[in-house]
Amino acid sequence: MLTSIVNLLYLIGAVAFVWGLRLMSTPDSARRGNTLASIGMGLAIVATLIAPMPNAANNYAWILGGMVLGGAGGFMAAKRVQMTAMPQMVSIFNGLGGACAVVLAMTELVHYYDGTSVMDQGQLFIVLTTLLIGAIAFTGSMLAFAKLQGLVWDSQVTLPYHTVVNWILLAATIGLTAYLFIGGSRLGLGMALGLMVLALIYGFSFVAPIGGADMPVVISLLNSFTGLSAAAAGLIYNNNIMLVGGILVGAAGTILTVLMCQAMNRSLFNVLIGGFGGGAAAAKGADGDQVAKTVTINDAAIQLYYSQSVMFVPGYGLAVAQAQKVTKELEDLLEANGVDVKYAIHPVAGRMPGHMNVLLAEADVPYPKLLDLEDANSQLPNTDIVVIVGANDVVNPAALDDPGSPIYGMPVLNVWDAKHVIVLKRSMSPGYAGIQNPLFFHDKTRMLFGDAKDSISKLVSEVKTL
Amino acid sequence: MENILQFFDQHLILIYLLIFTVILGFEVISKVPTVLHTPLMSGANAISGVVIIGAIILIRNAQPGDYLTLTLGALGVALGMTNVMGGFAVTDRMLDMFKKKKK
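None of the values given here were measured: they were computed from a predicted structure. (Residues numbered from 1 in each chain as written. Chains lettered and ligands numbered in written order. Predicted model: local features only at pLDDT ≥ 70, side-chain atom pairs only at ≥ 80, totals over all residues. Heavy atoms only, no water.)

What to know about the overall build of chain A
Of regular secondary structure, chain A possesses 18 helices and six strands. Relative to the globule expectation of 23 Å for 466 residues, the C-alpha radius of gyration of chain A, 25 Å, shows essentially globular dimensions. Principal-axis analysis of the C-alpha atoms places the extent of chain A at approximately 80 × 50 × 30 Å. Per-residue burial for chain A yields a buried fraction of 58% across its 466 residues. A sequence separation of at least 24 residues applies to 77% of the contacts in chain A between residues at least 6 apart. Put simply, chain A has 23 plus and 28 minus side-chain charges, and the middle of one group is 4 Å from the middle of the other. (Helix = DSSP H or I, 4+ residues; strand = E, 2+ residues; numbered from the N terminus. Rg over C-alpha atoms; globule rule 2.2 N^0.38 Å. Buried < 20%, exposed > 50% of the residue type's maximum accessible area, 1.4 Å probe, protein only. Contact = heavy atoms within 4.5 Å. Lys, Arg positive; Asp, Glu negative; His and termini not counted. Charge placed at Lys NZ, Arg CZ, Asp CG, Glu CD.)

Thoughts on the domain arrangement of chain A
When the domains of chain A are assigned, the result is domain 1 (1-54), domain 2 (86-278) and domain 3 (297-465). Of note, the centres of domain 1 of chain A and domain 3 of chain A, computed from C-alpha atoms alone, are 42 Å apart. (Domains from an automatic or database assignment.)

As for the packing of helix α5 (residues 121-148) of chain A against helix α9 (residues 215-236) of chain A
Residue and element names in this part refer to chain A. The geometry of α5 relative to α9 is characterised by a closest axis approach of 8 Å and an angle of 150 degrees between their N-to-C directions. The angle between α5 and α9 falls in the class roughly antiparallel. The chirality of how α5 crosses α9 is left-handed. Contacts between α5 and α9 pair Ile126, Val127, Thr130, Ile133, Gly134, Ile136, Ala137, Gly140, Ser141, Ala144, Lys147 and Leu148 from the former with Met215, Ile219, Leu222, Phe225, Thr226, Leu228, Ser229, Ala232, Ala233, Leu235 and Ile236 from the latter. Split by residue class, the contact of α5 with α9 holds 16 nonpolar, six polar and one charged. (Axes fitted to C-alpha atoms, helices over the stretch in contact; angles between N-to-C directions. Parallel < 35°, antiparallel > 145°, perpendicular 65-115°, else oblique. Left-handed = near helix turned anticlockwise from the far one by under 90°. Nonpolar A, V, L, I, M, F, W, Y, C, P; charged D, E, K, R; others polar.)

Thoughts on helix α18 (residues 452-465) of chain A
Residues and elements named next belong to chain A. Along its 14 residues, α18 runs 20 Å from first to last C-alpha, staying within 8% of the 20 Å computed at 1.5 Å per residue. Here α18 has its buried residues at Ala452, Ser455, Ile456, Leu459, Val460 and Val463. Projected down its long axis, α18 shows its buried positions confined to an angular sector of 145 degrees, all on one face. Facing away from the buried side of α18 by over 90 degrees, the exposed positions are Lys464 and Thr465. (Expected span 1.5 Å × (residues − 1). Arc of directions from axis to C-beta.)

Some remarks on the packing of aromatic side chains
Ring pairs (aromatic) are described by centroid distance and by the angle formed between their planes. Across all of its chains, the model carries nine aromatic pairs over all chains by this definition. On the numbers, 6.2 Å between centres and 50 degrees between planes, the contact of A:Trp62 with B:Tyr67 is tilted. Separated into two different chains, A:Trp62 in helix α3 (residues 60-80) and B:Tyr67 in helix α5 (residues 67-99) make up a pair that spans both. For the ring pair A:Tyr305 and A:Tyr306, a centre distance of 5.0 Å and an interplane angle of 85 degrees mean the geometry is edge-to-face. The class of A:Tyr305 is buried, set by a relative accessible area of 15%. An aromatic cluster is defined as three or more aromatic residues linked by ring pairs; in this entry it consists of A:Tyr202, A:Phe206 and A:Phe225. A cation over a ring is seen here: A:Arg22 above A:Trp19, with NZ or CZ 4.7 Å from the ring centre. (Phe/Tyr/Trp six-rings, centres within 6.5 Å; stacked < 30°, edge-to-face > 60°. Lys NZ or Arg CZ within 6 Å of the ring centre and 35° of its normal.)

A closer look at the sheet that holds strand β6 (residues 445-449) of chain A
All names here are of chain A. Strand order in this open sheet of six strands is β3-β2-β1-β4-β5-β6, and the pairing throughout is parallel. Edge positions in the sheet fall to β3 (370-371) and β6, since each of these pairs with one other strand and no more. With five bridges connecting them, strand β4 (residues 385-389) and strand β5 (residues 420-425) associate as parallel partners. Note on β5: the bridge partner recorded for Ile388 is Val423. (Pairing = 2+ DSSP bridges.)

Some thoughts on unusual backbone geometry
Residues and elements named next belong to chain A. One non-glycine residue, Asn55, lies in the positive phi region at around 60 degrees. One non-glycine residue, Gln322, adopts positive backbone phi at about 55 degrees. For Gln322, the position within the fold is in the loop between α13 (316-321) and α14 (324-336). Look at Gln322 and you get partly exposed, because its relative accessible area is 32%.

Topic: a nonpolar patch on the surface
All names here are of chain B. On the surface, a nonpolar cluster with roughly 780 Å² of combined accessible area is contributed by Phe8, Leu12, Tyr16, Leu18, Ile19, Phe20, Val22, Ile23 and Phe26. With eight residues, helix α2 (residues 12-29) is the largest single contributor of residues to the nonpolar patch. The partly exposed category is assigned to Leu12, whose relative accessible area is 34%. (Patch = residues over 30% accessible without salt bridge, like charges linked within 9 Å, V, L, I, M, F, W, Y side chains within 5 Å. Areas by Shrake-Rupley, 256 points an atom, 1.4 Å probe, with all protein chains shown as cover. Salt bridge = Lys/Arg side-chain N within 4 Å of Asp/Glu carboxyl O.)

A closer look at the environment of A:Ala192
Residues and elements named next belong to chain A. Along the chain, the position of Ala192 falls in helix α8 (residues 189-207). Of the residues examined, Ala192 reaches a relative accessible area of 0% and is grouped as buried. Residues Ala192 and Val291, 99 residues apart in the sequence, show an inter-C-alpha distance of 60 Å.

Section: the domain arrangement of chain B
Per the domain assignment, the segments of chain B are domain 1 (1-31) and domain 2 (35-97). Measuring from the centre of the C-alpha atoms in domain 1 of chain B to the corresponding centre in domain 2 of chain B gives 25 Å.

Some points on the interface of chain A and chain B
Contacts between the two partners involve 98 residues from chain A, matched on the other side by 81 residues from chain B. Carbon and sulfur atoms make up 78% of the area that chain A and chain B hide from each other, which totals about 8000 Å². Considering only the side of chain A, the residues that lose the most area to chain B are A:Arg31, A:Met41 and A:Trp62, jointly responsible for 9% of the buried surface there. Taken together, the links from chain A to chain B amount to two salt bridges. One salt bridge in this structure joins B:Asp92 and A:Arg31, with 2.9 Å as the shortest N-O distance. Elements with a contribution of two residues or more to the side of chain A that touches chain B: α1 (2-23), α2 (30-50), α3, α4 (86-113), α9, α10 (240-264) and α15 (355-362) of chain A. Looking at the side of chain A that touches chain B, its residues break down into 61 nonpolar, 28 polar and nine charged. (Buried area = accessible area lost by both parts, 1.4 Å probe.)

What about the pattern of salt bridges?
One pass over the full model with this rule turns up 13 salt bridges over all chains. Between B:Asp96 and A:Arg31 there is a salt bridge, with its nearest N and O atoms 3.0 Å apart. Residue B:Asp96 is located in helix α5, and its partner A:Arg31 is located in helix α2; the two belong to separate chains. B:Asp96 gets classed as partly exposed once you look at its relative accessible area, which sits at 32%. As a salt-bridge pair, A:Lys328 and A:Glu331 come within 3.5 Å of each other at their nearest N and O atoms. On the criterion of helical spacing, the pair formed by A:Lys328 and A:Glu331 is a turn pair, its members being three residues apart in helix α14.

What follows is the structure, encoded as structure tokens:
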């Protein structure tokens, strides 16, 4: 009887995961979807707590302790985090899921090598796989967090010939896994610990050379790894809901990874070996004698106020400057004067998939105003003024006309099709990829130097006086 | 070869489940629009915390004196629970912002 109830709870939980993710496909139902998935998780946890286990000591105090500690920590972090710091937060949570899988696999291996449990070849393979994927997801996510938080720069963690180092590490990791698999229980725990350390180093090392605009790809990929490690752990315990949940996450991460790569027109392989950089020096455009024209706050405010249509192009700079709310304020003022305001969102703007959408949602921008790449490009020729807020590579014309540029071939927002372009930027320094942006020297372009939030606030007060 | 065939025959239902879930996952998730990619990711992320179930099973089956397993298991539960609780809570916070957008 109890067994049937437990099985039924697991079944309902698994269906809740699937249905919850399904509801995530429209903004109106997405919140219900998330709630449904969390209920599914709750049921699965309850089922695991009450499941009949012959001769089990249960040790509920230990379970409760862990749950209270982790639950409170996770909840507090989730409530306090700033929306602009969302990519970091997602990375940390993701890494902890991977770490949990590592702990499980290592515990199984401890028992395997000290003779208290027996595994056949299939089970050993699954445990080793869980360890491997979980460890890579863990350290990879932690480094991604450190990078996004600005604690670490790409150059500090990248060795000369880093690609070669990565290949050697990967080969060593796979080799050691195979050795442990073939060696069976004759080998000691030391070897398994060695594999864990090696996989942890590899996770760190494979993320090391990837940075900036490639971050959305890496975060999606790590998400998919954590899902797969959970699915593999499900195989260890022969638990279907772990398997289903893990695979769904794996699928979500994989789809996002592919979408992000497509948005940059690069292969995953190219992103992983840190494709940007290298050829950057060969790109033209760094002619030096070109002069960017600037615009005053006053002129920019008048231009915006008396135009028909304005399109904002947000980028990572918007997140850094936390300029989403003042941008919305400016939008409201302009709309009050009959200006049509839209936002153009490039798929890889920001540091994770959909990053800009979340920030603008926080500022109460209605989502129908957010245009994707194609819609934005078709509307740009009819737009009076484009305001670029902290975006760079996604509006670089070199992607279209300079075969020597590292981002050549990447679909970009054709902002130069509009009548005027105003670029809000701290200084003339090039973007993440280290590529000079010919847009800044374009006839239609005017630069407005300064912190994005500061500049927009000044525009707001200027527009108010008009 | 014989081992592989034997594994296949013994775990046939599991293999069905695996393949169908992969297909289902891709079908369901490919319909999610760009606007919702971040909440999708963090929601999915919370679901990957399902690995906590393994940690609970581990602790329940441990001997009361086996402090190594108990400690590792409790660590696993704490890590998994942070992932679950934090992931769902943060996703809810984000989606709350999307919801009040309707005018």
